[in-house]
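Letter by letter, the chains look like this.
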Amino acid sequence: MNQLKASLIILLLLLVKPSFSQNLIDYRLNDIIKYMMENQKNMVLQGMTFNNTFRYLKYTDRAQKQTLFFFLSADSVCRSVRLVCDKDLKETKINELNSRYKKVGENLWEDEKNGKKFSIDLKEEDWTFNISINIKPSR
């Protein structure tokens, strides 16, 4: 019986655990904000930057271990996503990427949605790592 309880608790935690590698490319500004409020309650909108060079939304988690950027086009449609994480989250994020996307190389995954292909890559930095989701150029 204790094993059943433990299994149910683990299953519940896996279902409740937020996922930050969601591909929201092609979402409009208001759709991103709505999605984040409904599905990523641990992430807080830190700001919106709209200038001649950049247009993006910036979210951070309450523990300040993850920062999520949604880069937008001039008409406020998401064109790329970048998640910057503390190094101690790397194994968890790689497991999440492996379960969500097709692994195609070292620190490289692919996704396909609505007939478009996306590349997801993980890059190491000194104190952090980042995961970027971008539209793959058509050939």
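Please read all numbers here as calculations on a predicted model, not as lab measurements.

A. View of unusual backbone geometry. The residue Q64 is not glycine, and still its phi comes out positive at about 60°. Counting through the fold element by element, Q64 comes out in the loop between β2 (55–61) and β3 (66–72). In this model, N107 sits at a positive phi of 60°, which is unusual for a non-glycine residue.

B. Expanded view of the packing of aromatic side chains. All told, the structure shown has six aromatic pairs when counted by the stated rule. Centre to centre, the rings of F54 and Y56 are 6.4 Å apart; their planes meet at 70°, and the pair counts as edge-to-face. We classify F54 as partly exposed; its relative accessible area is 45%. When the centroid spacing of 5.7 Å and the interplanar angle of 55° are considered together, the rings of Y56 and F71 count as tilted. Taken as a pair, Y56 in strand β2 and F71 in strand β3 lie far apart in primary sequence, 15 residues in all. Relative accessible area serves as the criterion here: at 23%, F71 is assigned to the partly exposed category. Every member of this aromatic cluster is reached through a ring pair, and the members are F54, Y56, F69 and F71.

C. View of the nonpolar core. In terms of nonpolar packing, the biggest core is built from 28 residues, with I32, M36, L57, Y59, L68 and F70 touching the most fellow members. Put simply, the parts of the chain that give this core at least two residues each are α2 (29–39), β2, β3, β4 (78–86), α3 (90–100), β7 (116–124) and β8 (128–135). Residue contributions to this core peak at five residues, all from α2.

D. Structural detail: α2. Listing the buried residues of α2 in full gives L29, I32, I33, Y35 and M36. For α2, the angular spread of the buried residues around the axis is 165°, confining them to a single face. For α2, the exposed residues lying more than 90 degrees away from the buried face are N30 and M37. Buried-residue contacts for α2 involve β1 (43–50), β2, β3 and β4.

Definitions and cut-offs
- Residues numbered from 1 in each chain as written.
- Predicted model: local features only at pLDDT ≥ 70, side-chain atom pairs only at ≥ 80, totals over all residues.
- Heavy atoms only, no water.
- Helix = DSSP H or I, 4+ residues; strand = E, 2+ residues; numbered from the N terminus.
- Phe/Tyr/Trp six-rings, centres within 6.5 Å; stacked < 30°, edge-to-face > 60°.
- Buried < 20%, exposed > 50% of the residue type's maximum accessible area, 1.4 Å probe, protein only.
- Core = buried A, V, L, I, M, F, W, Y, C linked by side-chain atoms within 4.5 Å.
- Arc of directions from axis to C-beta.
- Contact = heavy atoms within 4.5 Å.

From the geometry alone we can't say anything about function, so treat these as descriptive.
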